[in-house]
2 protein chains.
Amino acid sequence: MSIVAVVLKTVEKIGVLNGITDKLYEKNYNIIYTHLFVENNQGRIYMELMGVDDFDKLLEDISNTPNVISVEPSATLDEIYGKRVIIVGDGKLMADTLRGGIMEAQMHNTHGETISVDGMIIGGGSQIQEAVTSMDKLPRIHALVLSGSMMGGLITEEIIKLKKENPSIKVIALEMLGDLDNVVDLVINDPVQAGIMAVKLVSENVSYDEDIKDNTFLEKE
Amino acid sequence: MSIVAVVLKTVEKIGVLNGITDKLYEKNYNIIYTHLFVENNQGRIYMELMGVDDFDKLLEDISNTPNVISVEPSATLDEIYGKRVIIVGDGKLMADTLRGGIMEAQMHNTHGETISVDGMIIGGGSQIQEAVTSMDKLPRIHALVLSGSMMGGLITEEIIKLKKENPSIKVIALEMLGDLDNVVDLVINDPVQAGIMAVKLVSENVSYDEDIKDNTFLEKE
């Protein structure tokens, strides 16, 4: 069934989200994505729903809910961002990796895909660990690139956990000190190339051998 | 009052979020941030709450809610990401702007701030408009950099709207074709410098003259 998206503004007080989910539950809509935050003393809610036969009726149902100031149709996040590649690291290495990822993604996007590349700047080891853990909170991540020069220990453990919970996420790391290279999918020397490869890995237009560590990439015809 | 954060895994079916918000409303907790998505046929919910006196009691309340598989304490997003600078654009210009932003942010982060820099790759005019509109859905954005070579018309209108709703967001654009330069806070020729300036603008350690278009930046002593 197709996914629809709406953006709401609400009064900011206790129970507002509950009032809205009460209404949506009553109407048998399935909330598959919600992003709620408070800005300028108003609640802002972005929601994606399934099970909506009549979109106008949905808008009407929501606008008749107490504390809802406005509701508008929206593009879905998948339409806007597509597949996500996240690059974690800092300094020149990370900037280079982002550069590679962006240039490659643009080429794919020109040919009809939607791939986005985000950077997460991290100062040091324990923060990187925190960031990797938080990956689990972010949806639609298809690849993660660790673009730093010294990672291991706790980070290695977090990557093992992440891969266990989300086997489909591709994890790429630069060649670096530490024991990380044993647990990631791919180790790449050049930081720009690491970004390029991350995008190739999530693209629908590039296929690769089952044993990814062989580094054998075959462009589809 | 302080903010606490939790991460939940739930069964994926209609009404689960409603069950949780029922419980939180009953206990008089205020939900100030929610991020819910579905992955591997499970619901994942990240929530930030205010009004929580007893964190262990909160964990207990949530874990006793139907359909909740697990609940764990988490760092808040503000602790992980801090202030956000978003760079929208594509190609070499955007890669350069990101490079400037990342290198500058790292310098600030080393000195105790937390500033993150994200890139949003956009193919063309109408998509940029969509992305700017979606800014409104993203919380904690402090600065937006438009790093492309041809923007105007609809995008200009979206920026006027964005600035009206969120006057505190700093908007920077490269010098480009179109009428965008009349509505942004700052026009910068060099793409790397645009990224650097975006981070300086949101930093607590750099102050600037009231009339930002004077381009007079004064480092605090």
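This text goes with the structure placed above it.
Residues numbered from 1 in each chain as written. Chains lettered and ligands numbered in written order. Predicted model: local features only at pLDDT ≥ 70, side-chain atom pairs only at ≥ 80, totals over all residues. Heavy atoms only, no water.

Here we come to the sheet that holds strand β6 (residues 115-121) of chain B. Residue and element names in this part refer to chain B. As summarised here, the arrangement of the 5 strands in space is β6-β5-β7-β8-β9, forming an open sheet in which the pairing is parallel. On the outer flanks of this sheet lie β6 and β9 (186-188), each paired with one strand and no other. Neighbour-to-neighbour, the strand axes of this sheet turn through a mean angle of 20 degrees, independent of strand direction. Here strand β7 (residues 141-147) runs beside strand β8 (residues 170-174); their pairing, made up of 4 bridges, is parallel. If you follow Val145 over to β8, its bridge partner there is Ile172. Packing of helix α6 (residues 154-165) onto the sheet brings it into contact with β7 and β8, and relative to β8 it is tilted by some 155 degrees. (Pairing = 2+ DSSP bridges. Helix = DSSP H or I, 4+ residues; strand = E, 2+ residues; numbered from the N terminus. Axes fitted to C-alpha atoms, helices over the stretch in contact; angles between N-to-C directions. Contact = heavy atoms within 4.5 Å.)

Take helix α4 (residues 91-110) of chain A next. Helix length check: α4 of chain A, at 20 residues, gives a terminal C-alpha distance of 29 Å against a target of 28 Å (1.5 Å per residue), a fit within 8%. Downstream of α4 of chain A by a residue or two, Gly112 of chain A has a phi angle that is positive, lying close to 100 degrees. (Expected span 1.5 Å × (residues − 1).)

Moving on, we get to the pattern of salt bridges. Any two side chains of opposite charge can pair, so long as their charged atoms come close to each other. Taken as a whole, this structure holds 22 salt bridges over all chains when the rule is applied. Between Glu165 of chain A and Lys9 of chain B there is a salt bridge, and its shortest N-O distance comes to 2.9 Å. Placement of the pair is Glu165 of chain A in helix α6 (residues 154-165) and Lys9 of chain B in strand β1 (residues 4-11), with the two residues belonging to separate chains. For Glu104 of chain B, the salt bridge goes to Lys200 of chain B, with nearest N and O atoms at 3.3 Å. Taken together, the residues Glu104 of chain B in helix α4 (residues 91-110) and Lys200 of chain B in helix α7 (residues 191-202) connect sequence positions 96 residues apart. Residue class for Glu104 of chain B comes out buried when judged on its relative accessible area of 7%. Judged by its relative accessible area of 15%, Lys200 of chain B is buried. (Salt bridge = Lys/Arg side-chain N within 4 Å of Asp/Glu carboxyl O. Buried < 20%, exposed > 50% of the residue type's maximum accessible area, 1.4 Å probe, protein only.)

Across the contact, 59 residues belong to chain B and 59 residues belong to chain A. Both sides together, the interface formed by chain B and chain A hides about 5,400 Å², and carbon and sulfur atoms give 54% of it. Summed over the shared surface of chain B and chain A, the result is 6 salt bridges. As a salt-bridge pair, Arg44 of chain A and Glu165 of chain B come within 3.9 Å of each other at their nearest N and O atoms. At the boundary of chain B and chain A, one finds 15 residue pairs in polar contact (both at pLDDT 80 or more). Per-element tally for the side of chain B that touches chain A: the top contributor is α4 of chain B, with 12 residues. Bridge count for strand β2 (residues 30-39) of chain A against strand β2 (residues 30-39) of chain B is 5 bridges, and the pairing is antiparallel. Along β2 of chain B, the bridge assignment pairs Leu36 of chain A with Thr34 of chain B. (Buried area = accessible area lost by both parts, 1.4 Å probe. Polar contact = N/O pair within 3.5 Å; in protein donor to acceptor, adjacent residues only side chain to side chain.)

Position of Glu157 of chain B relative to the elements: it lies in helix α6. Sequence separation of Glu157 of chain B and Val183 of chain B is 26 residues, and the distance between their C-alpha atoms is 8.8 Å.

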